[in-house]
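Architecture and fold: a report
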Amino acid sequence: MIAYTLRRLLQMIPLLFFVSLAIYTLVALQPGDPLEGLIFQNPHLTQEDIAKLKAAYGLDQPIHIRYFKWLGRALQGDLGLSRTYAQPAAQFIYGRMQNTLLLTGLSFLLALAVAIPVGVFSAVRQYSIADYVVTFFSFVGYSTPVFWLGIMLMLLFAVWLPERLGRFEPIFPAGGFVSPGMSPDTVGWWAYLKDRAWYLVLPVFTLSVLSMAGWTRFTRSSMLEVLQQDYIRTARSKGLTERVVIYKHALRNALIPIVTLVGLAIPGLFSGAVITETIFSWPGMGRALFDSLLEKDYNVAMAALVFLAFLTALFNLLADLAYAVVDPRIRYN
């Protein structure tokens, strides 16, 4: 297991090199001038000023020279300066990452906590009314566009219900909601958690619906396949209770393909959800990455995309290693 893990980690080095090269090339080849935002904000810039700015950011050099200079700095922990936000790219990404992990992490846990039990319940009661209901709502949830669901939820809870029931009382009557820049140290943990819960209910539910529906269907399908195996019939013929057969013998084997599905979904927790974060004005990684590409803020875009590529490769490895935990028959050399 250790030798296999080390070998996979070493294979990630050339993989990330070529991935970063491809990303840098695609980002740098975007049409338009990377400094057009600065020029638009300050129309009094002369051509000499623009030339100095390009020299300062290294934009006057060929792409391959710029890439290797970026790579050299990145290996030393310097991801560059964000032109749009006027701060180090690593610092900016770290701040946005906290917001993204809070939103997507809660969505991930909610989807996982609902999908697996409901999928098992649906498989055990195949072709029952409950199974048809679960299947129907799974298809509805999987086919519902995220942007439409988010807008409908906002209309329902922020427009229609307040108009008919009266405006909701604020959580903090004295001072309103906690500012996004405040921390638990300044307002207290209880006030901080209530504030975050107020803002997170709708985006968390919106973001979790798609994963919840897909994982429910996947769990049901995997469980149905396992329940038809001979060893399940043998376990039942030995007089084991149905609960032991389902949760000790069937579910553990049904989780093997689900481990891959969930493991590869984890990097998405760090990338954020562009549509959901935009609809609910949540300052996360998805929205930051989208804005950085539009603004041609190369340092932020490169830092975010390469970091996500690294997470994808890492969690792919962790998903493979999790096979050995779920299925004792699997051995890595």
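Here we summarise the structure given alongside this text. (Residues numbered from 1 in each chain as written. Predicted model: local features only at pLDDT ≥ 70, side-chain atom pairs only at ≥ 80, totals over all residues. Heavy atoms only, no water.)

1. Some details on the environment of Arg66
Our working definition: Under the scheme used here, helices are H or I runs from DSSP no shorter than 4 residues and strands are E runs no shorter than 2 residues, and both carry numbers assigned from the N terminus. Here's how the labels work: a residue is buried when its accessible area is under 20% of the maximum for its type, exposed when over 50%, partly exposed in between, all with a 1.4 Å probe on protein chains only. Under the rule applied, a polar contact is a pair of N or O atoms within 3.5 Å (in protein, one hydrogen donor and one hydrogen acceptor; residues adjacent in sequence only if both atoms are side-chain atoms).
Mapped onto the fold, Arg66 is located in helix α4 (residues 63-75). Note on Arg66: relative accessible area 12%, which makes it buried. It is 9.2 Å that separates the C-alpha atoms of Arg66 and Tyr24, two residues lying 42 residues apart in sequence. In this structure the side chain of Arg66 is engaged in a polar contact, spanning 3.3 Å, whose partner is the backbone oxygen of Gln61.

2. Observations concerning the packing of helix α6 (residues 129-143) against helix α9 (residues 189-227)
What counts here: Axis definition: a line fit to C-alpha positions, over the contact stretch in the case of helices; interaxial angles, taken between N-to-C directions, run 0 to 180 degrees. Small angles under 35 degrees read as roughly parallel and large ones over 145 as roughly antiparallel, with 65 to 115 read as roughly perpendicular and the rest as oblique. Definitions for this section: a left-handed crossing has its near helix turned counterclockwise from the far helix by less than a right angle. A right-handed crossing has that turn clockwise. Residues count as neighbours in contact if any of their non-hydrogen atoms are within 4.5 Å of one another. When residue character is reported, Ala, Val, Leu, Ile, Met, Phe, Trp, Tyr, Cys and Pro are called nonpolar, Asp, Glu, Lys and Arg charged, and the others, Gly included, polar.
Their axes nearest at 8 Å, the elements α6 and α9 cross at an angle of 135°. Taken together, the axes of α6 and α9 lie oblique to each other. Once α6 is placed against α9, the crossing between them reads as left-handed. Along the contact surface, α6 presents Asp131, Val134, Thr135, Ser138, Phe139, Gly141 and Tyr142, while α9 presents Val209, Leu210, Ala213, Gly214, Thr216, Arg217 and Arg220. Of the residues assigned to the contact of α6 with α9, the class counts are six nonpolar, five polar and three charged.

3. Some points on the packing of aromatic side chains
To be explicit about the condition: By convention, a stacked pair of Phe, Tyr or Trp rings (six-membered ring in the case of Trp) has centres within 6.5 Å and planes under 30 degrees apart, an edge-to-face pair has planes over 60 apart, and any other such pair is tilted.
Summed over the entire model, instances satisfying the criterion amount to eight aromatic pairs. With 6.2 Å between their ring centres and 40° between their planes, Tyr24 and Trp70 make a pair best called tilted. Taken as a pair, Tyr24 in helix α1 (residues 2-28) and Trp70 in helix α4 lie far apart in primary sequence, 46 residues in all. Taking the relative accessible area as the measure of exposure, Tyr24 reaches 8% and is therefore buried. A residue is classified by how much of its surface remains accessible, and Trp70, at 5% relative accessible area, is buried. Between Phe108 and Trp215, the aromatic rings sit 5.5 Å apart at their centres with planes inclined by 80°, giving edge-to-face as the arrangement. Of the two residues, Phe108 sits in helix α5 (residues 89-124) while Trp215 sits in helix α9, which places them 107 residues apart along the sequence. Considered together, Phe108 and Trp215 belong to a single accessibility category, that of buried residues. Taken together, Phe17, Phe18, Tyr24, Tyr67, Phe68 and Trp70 form an aromatic cluster joined through their ring pairs.

4. Quick look at unusual backbone geometry
For Tyr127, which is not a glycine, the phi torsion comes out positive at approximately 65°. Tracing the backbone shows Tyr127 in the loop between α5 and α6.

5. So, the nonpolar core
The following threshold applies: We define a nonpolar core as any set of buried Ala, Val, Leu, Ile, Met, Phe, Trp, Tyr and Cys residues linked to one another through side-chain atoms lying within 4.5 Å.
Membership of the largest hydrophobic core comes to 24 residues, with the highest contact counts inside it found for Ile93, Phe108, Trp215, Ile266 and Phe270. At the level of secondary structure, the elements contributing two or more residues to this core comprise α5, α9, α11 (242-265), α12 (267-271), α14 (285-294) and α15 (298-326). In contact with Phe108, other than residues within four places in its own chain, are Trp215, Val262, Ile266 and Leu269. Residues Met223, Leu224, Leu227 and Ala254 belong to the second largest nonpolar core, which totals 13 residues.

6. Overview of the pattern of salt bridges
Where charged atoms from two side chains of opposite charge come close, those side chains can pair. The condition is simple: Each salt bridge in this description consists of a side-chain nitrogen of Lys or Arg and a carboxyl oxygen of Asp or Glu lying within 4 Å of one another.
Applying the stated criterion across every chain, the model contains three salt bridges. For the salt bridge of Arg220 with Asp131, the shortest nitrogen-to-oxygen distance reads 2.8 Å. Placement of Arg220 in helix α9 and of Asp131 in helix α6 is noted, with a sequence separation of 89 residues between them. Judged by relative accessible area, Arg220 falls into the buried class, the value being 11%. Taking the shortest distance from any N to any O, the salt bridge between Arg233 and Asp230 comes out at 2.6 Å.

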